[in-house]
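Secondary and tertiary structure notes
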Amino acid sequence: MPIVEPSLVTVKREEKLELDGIDVSGDWNTFLEPRVHTDLDLKIVDWVRSQPQGETISRCWQCGTCTAGCCMHTDYGLEEFNPRYFIYLAQIGYEEELRKYAQTIWRCVSCNKCVERCPKGVKVEEVVHTIGTYLEVSGGAPESPADRFDRAYTENLLARGVLDEAALFRTYERLEGRKTPARDLLRLGFTMLLSGRLHTGPFAHRTRGWRRMRPVLTKILEEEERARRARVEAPASRARGGSPGRAP
Ligand code: SF4
Ligand code: SF4
C-alpha cells in the first residue's frame, strides 16, 4: 500500500554535505513513522479460509504468476482484473479497497489457467470466487446497474405477481436517476405493443390470488437475505472464536 500521508514521513535534510569532495547534499535518513492501520480487518481472510473453496488462500506468496497468465488480465486486456491483487487485499484485510472490485471480480471465466500455473497449489479460481461471494453476501459492495435492475424487477414482480414492462422501465429509470426522452419512450412502447410484448395498463396480465401469495413470497425473500448474511457471519465468528451472529 503506498504511503499517501506526508506526515508519516520524516526526512533529515542535509543542506550542505560534502564527502571526499563530492556534494551529496539532499534528503538523507528518510523514515516512516510507526502507524496503526484502522482500515484493515482480517475477518475477510478468516471467512474465505473457512470456506471449502477458499482454504488455499493462505498458501499464496504473491508471485503474480496467476495474473501474468490470466486470460481476462492479459488476452482481454482487463488490467483491473488481477487475481494476485484480490488475494493480497483479502490477505491483509483491506476491505475498503477490495470492494472497488466487487463487480470486476466476477469477470473470471473459470478457465483455470491460474490454477494450473500456481507454484503454491492455490486454487486461485475458487479463491477468487469465494472472495467475490464474501463481498456479495456481506452486503457492502457498491450497487451496480445490474443490481439496481434486479431490485426494480423484484419490486415490480412483487407488486402484482407478473411483470409490467412499463412500470419496470419507470422504476429502473428512477433508480438509475435518468430520464429517457418521451419520443424514444413512445417509439419503444409502440414497437413492444405491436409485437405483443408490452403488458401494462389495460393490457396487463393478472395473477389470481396474488394478494394471498405476496406475503409468502416476501417472507421467502427475507429469509433468503437472512441466510445470505448468516453465511458470512457464522463461519467468520467460528474461525476467530467469536460469538455467532456478530455483524460482518
Ligand atoms: S500464482 Fe499462486 S502463489 Fe503466485 S500470486 Fe497467484 S495465487 Fe499467489
Ligand atoms: S480462472 Fe479466472 S482468474 Fe484464473 S486465469 Fe482464468 S479468468 Fe483468470
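Here the structure is shown first, and the text comes after it.
In what follows, the accompanying structure is described. (Residues numbered from 1 in each chain as written. Chains lettered and ligands numbered in written order. Predicted model: local features only at pLDDT ≥ 70, side-chain atom pairs only at ≥ 80, totals over all residues. Heavy atoms only, no water.)

Describing the site of ligand 2
The environment of ligand 2 is formed by Cys70, Cys71, Met72, Phe81, Cys108, Val109, Ser110, Cys111, Asn112, Cys114 and Glu125. Here the shell around ligand 2 is composed, by residue class, of eight nonpolar, two polar and one charged. (Near = heavy atom within 4 Å. Nonpolar A, V, L, I, M, F, W, Y, C, P; charged D, E, K, R; others polar.)

Notes on the packing of helix H1 (residues 43-50) against helix H6 (residues 124-137)
At a minimum axis separation of 10 Å, H1 and H6 run at an interaxial angle of 125°. The angle between H1 and H6 places the two elements in the oblique class. Crossing angle aside, the handedness with which H1 passes H6 is right-handed. Contacts between H1 and H6 involve Lys43, Ile44, Trp47 and Val48 on the former and, on the latter, Val127, Thr130, Ile131, Thr133 and Tyr134. Its residues assigned to classes, the contact of H1 with H6 shows six nonpolar, two polar and one charged. (Axes fitted to C-alpha atoms, helices over the stretch in contact; angles between N-to-C directions. Helix = DSSP H or I, 4+ residues; strand = E, 2+ residues; numbered from the N terminus. Parallel < 35°, antiparallel > 145°, perpendicular 65-115°, else oblique. Left-handed = near helix turned anticlockwise from the far one by under 90°. Contact = heavy atoms within 4.5 Å.)

Comments concerning the packing of helix H7 (residues 145-160) against helix H8 (residues 165-176)
Running from N to C, H7 and H8 point in directions that differ by 140°, and their axes come no closer than 9 Å. The angle between H7 and H8 places the two elements in the oblique class. Our pair here, H7 against H8, has a crossing hand that is right-handed. Contacts from Pro145, Arg148, Phe149, Arg151, Ala152, Tyr153, Glu155 and Asn156 of H7 reach H8 at Ala167, Leu168, Thr171, Tyr172, Arg174, Leu175 and Glu176.

What to know about the nonpolar core
Counting 30 residues, the largest nonpolar core has Ile57, Phe81, Phe86, Ile87, Leu98, Val124 and Ile131 as the members making the most contacts within it. Looking at this core, the elements with two or more residues in it are H1, helix H3 (83-92) and H6. Sort the elements by how many residues they give to this core and H6 lands first, with six residues. Those residues in contact with isoleucine 131 that sit more than four places away from it in its chain are Val48, Ile57, Phe86, Ile87, Ala90, Leu98 and Ile105. (Core = buried A, V, L, I, M, F, W, Y, C linked by side-chain atoms within 4.5 Å. Buried < 20%, exposed > 50% of the residue type's maximum accessible area, 1.4 Å probe, protein only.)

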